[in-house]
Amino acid sequence: MSDPKTIVLSSDHAAIDLRQAVARHIEAKGHAVRDIGPNSPESTHYPKHGEAAARALAEGEADLGIILCGTGQGIMMAANKVKGIRCGVCSDTFSAAMIRAHNNANMLSMGARVIGEGLALEIVDAFLGTEFEGGRHGTRVEMIEALEG
Ligand code: RB5
């Protein structure tokens, strides 16, 4: 298993069940979970939940983040507006490993209306189990950071 980390989790209403499954899964793997909700099935607005998780991560409250909405797209777009956040949407395990290895992504986003729970948990394992390779990829990540101003 990968080194124990603290993972911040959030979602909108469309992904509460999958987020809770992710929380149970990563806790069982020995990671600490900071689940910032929401837990009500009422319709809510994904940007505020993406922002909340991204700010918690950017402020050092966690090592990595996992966020979810119906497609994974909207909450990813919101999270990526927070300085220091590099979040990718993944629906396959190869991409989940590569956004860590090459892009040093610190957040993973998934779509609860796109993938099932079994694949989602494998994607989480690929994300958490892969480290950034650095080297030439570090130069490129620095170029991304330079765009933040
Ligand atoms: C909510 O209906 C839906 O729009 C949201 O979960 C997400 O898919 C947006 O990107």
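Above this note sits the structure.
Scope of this entry: the structure provided in the associated data block. (Residues numbered from 1 in each chain as written. Predicted model: local features only at pLDDT ≥ 70, side-chain atom pairs only at ≥ 80, totals over all residues. Heavy atoms only, no water.)

Here we look at the side chain of S10
Within the secondary structure layout, S10 lies in strand 1 (residues 6–11). A relative accessible area of 1% places S10 in the buried class. A distance of 2.8 Å separates a polar side-chain atom of S10 from the backbone oxygen of G37. Ignoring sequence-local partners within four residues, the contact set of S10 consists of R19, I36, G37, H49, A53, I66, I67, L68 and I75. (Helix = DSSP H or I, 4+ residues; strand = E, 2+ residues; numbered from the N terminus. Buried < 20%, exposed > 50% of the residue type's maximum accessible area, 1.4 Å probe, protein only. Polar contact = N/O pair within 3.5 Å; in protein donor to acceptor, adjacent residues only side chain to side chain. Contact = heavy atoms within 4.5 Å.)

So, the packing of aromatic side chains
Summed over all chains, the structure comprises 0 aromatic pairs. The positively charged end of R100 is found above the aromatic ring belonging to F127, 5.9 Å away from the centroid. (Phe/Tyr/Trp six-rings, centres within 6.5 Å; stacked < 30°, edge-to-face > 60°. Lys NZ or Arg CZ within 6 Å of the ring centre and 35° of its normal.)

Considering the sheet that holds strand 1
Note: strands within a sheet are paired through backbone hydrogen bonds, in either parallel or antiparallel orientation. With parallel pairing, 5 strands are arranged side by side in an open sheet as 2-1-3-5-4. In the strand order of this sheet, the two ends are held by strand 2 (32–35) and strand 4 (87–89), each with one partner. With strand direction ignored, the average angle separating the axes of adjacent strands in the sheet is 20°. Strand direction decides the pairing type here: strand 1 and strand 3 (residues 64–69), joined by 5 bridges, are parallel. The partner of I7 across the bridge, within strand 3, is L64. Most of the contacts of helix 2 (residues 46–58) go to strand 1, to which it runs at about 170°, and overall it touches strand 1, strand 3 and strand 5 (107–111). (Pairing = 2+ DSSP bridges. Axes fitted to C-alpha atoms, helices over the stretch in contact; angles between N-to-C directions.)

Overview of the packing of helix 1 (residues 16–28) against helix 5 (residues 117–128)
Packing of helix 1 against helix 5 brings their axes to within 10 Å, and their N-to-C directions diverge by 50°. Put simply, helix 1 runs oblique to helix 5. Helix-helix and strand crossings are classified by hand; for helix 1 and helix 5 the assignment is right-handed. Residues L18, A21, V22, H25 and I26 of helix 1 form the contact with helix 5, whose participating residues are E117, A120, L121, V124, D125 and L128. (Parallel < 35°, antiparallel > 145°, perpendicular 65-115°, else oblique. Left-handed = near helix turned anticlockwise from the far one by under 90°.)

Description of the packing of helix 4 (residues 93–101) against helix 5
Interhelical geometry of helix 4 versus helix 5 gives an angle of 25° and a closest axis separation of 8 Å. Looking at the two axes, helix 4 sits roughly parallel to helix 5. The hand of the helix 4/helix 5 crossing is right-handed. Contact residues: T93, A96, A97, I99 and R100 in helix 4; L119, E122, I123, A126 and F127 in helix 5. Here the residues of the contact of helix 4 with helix 5 sort into 7 nonpolar, 1 polar and 2 charged. (Nonpolar A, V, L, I, M, F, W, Y, C, P; charged D, E, K, R; others polar.)

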